[in-house]
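# Results of the structural survey
For reference, the chains in residue letters:
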Amino acid sequence: ELAKLLPVDSAITIVLTDQKPDRYRRFLALVYNKEYILAQQRLVRNGLAVVYAEYQKNCPTKELLDAEQQAKNEKLGIWSEANTCLPGAFRKKLCQ
């Protein structure tokens, strides 16, 4: 999905959501393709990514949460599993 959305050598727009890096020295950003489609929203909508509300400063939070809910309702991607284990829970070994 990502390769179709953001082909190699295609024009993209990156919008930093904060001027300061996070605790891991990463910058959080919105990534748009040449049609100005938000890459994160498309990935979330297809169940290929999850929304971390705590990192949504200056992001289109409602649109991302709506996309996630649609993916859940349609059981797409990670939401097709009966017992979806979110990345944070997986890292803490809270899932089986």
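Just above sits the structure.
Keep in mind that what you see is a predicted model, and the values were worked out from it rather than measured.

## Considerations on the overall build of the protein chain
- Each helix and strand counted, the protein chain has four helices and two strands in total.
- Along the first, second and third principal axes, the C-alpha set of the protein chain runs to 40 × 30 × 25 Å.
- Residues counted as buried form 21% of the 96 residues belonging to the protein chain.
- Of the contacts made within the protein chain by residues no fewer than 6 positions apart, 43% connect residues no fewer than 24 positions apart.
- Element-wise, carbon and sulfur atoms account for 54% of the exposed surface of the protein chain, whose accessible area totals about 7,300 Å².

## Observations concerning the nonpolar core
- Leu 30, Tyr 32, Leu 38, Val 44, Val 51, Cys 59, Leu 64 and Ala 67 form the largest nonpolar core, which has eight residues in total.
- For this core, the secondary structure elements donating two or more residues are strand S2 (29-32) and helix H3 (61-73).
- Residues in contact with Ala 67, not counting those within four places in the same chain, are Gln 41, Val 44 and Arg 45.

## Details of the side chain of Asp 22
- Relative to the assigned elements, Asp 22 resides in the loop between strand S1 (13-16) and S2.
- At a separation of 2.9 Å, a polar atom in the side chain of Asp 22 contacts the main-chain amide nitrogen of Tyr 24.

## Focus on the environment of Glu 63
- One can find Glu 63 in helix H3.
- According to the relative accessible area criterion, Glu 63 is partly exposed, its value standing at 40%.

Procedures and definitions
Residues numbered from 1 in each chain as written. Predicted model: local features only at pLDDT ≥ 70, side-chain atom pairs only at ≥ 80, totals over all residues. Heavy atoms only, no water. Helix = DSSP H or I, 4+ residues; strand = E, 2+ residues; numbered from the N terminus. Buried < 20%, exposed > 50% of the residue type's maximum accessible area, 1.4 Å probe, protein only. Contact = heavy atoms within 4.5 Å. Areas by Shrake-Rupley, 256 points an atom, 1.4 Å probe, with all protein chains shown as cover. Core = buried A, V, L, I, M, F, W, Y, C linked by side-chain atoms within 4.5 Å. Polar contact = N/O pair within 3.5 Å; in protein donor to acceptor, adjacent residues only side chain to side chain.

So yeah, pure geometry; function would need other evidence.
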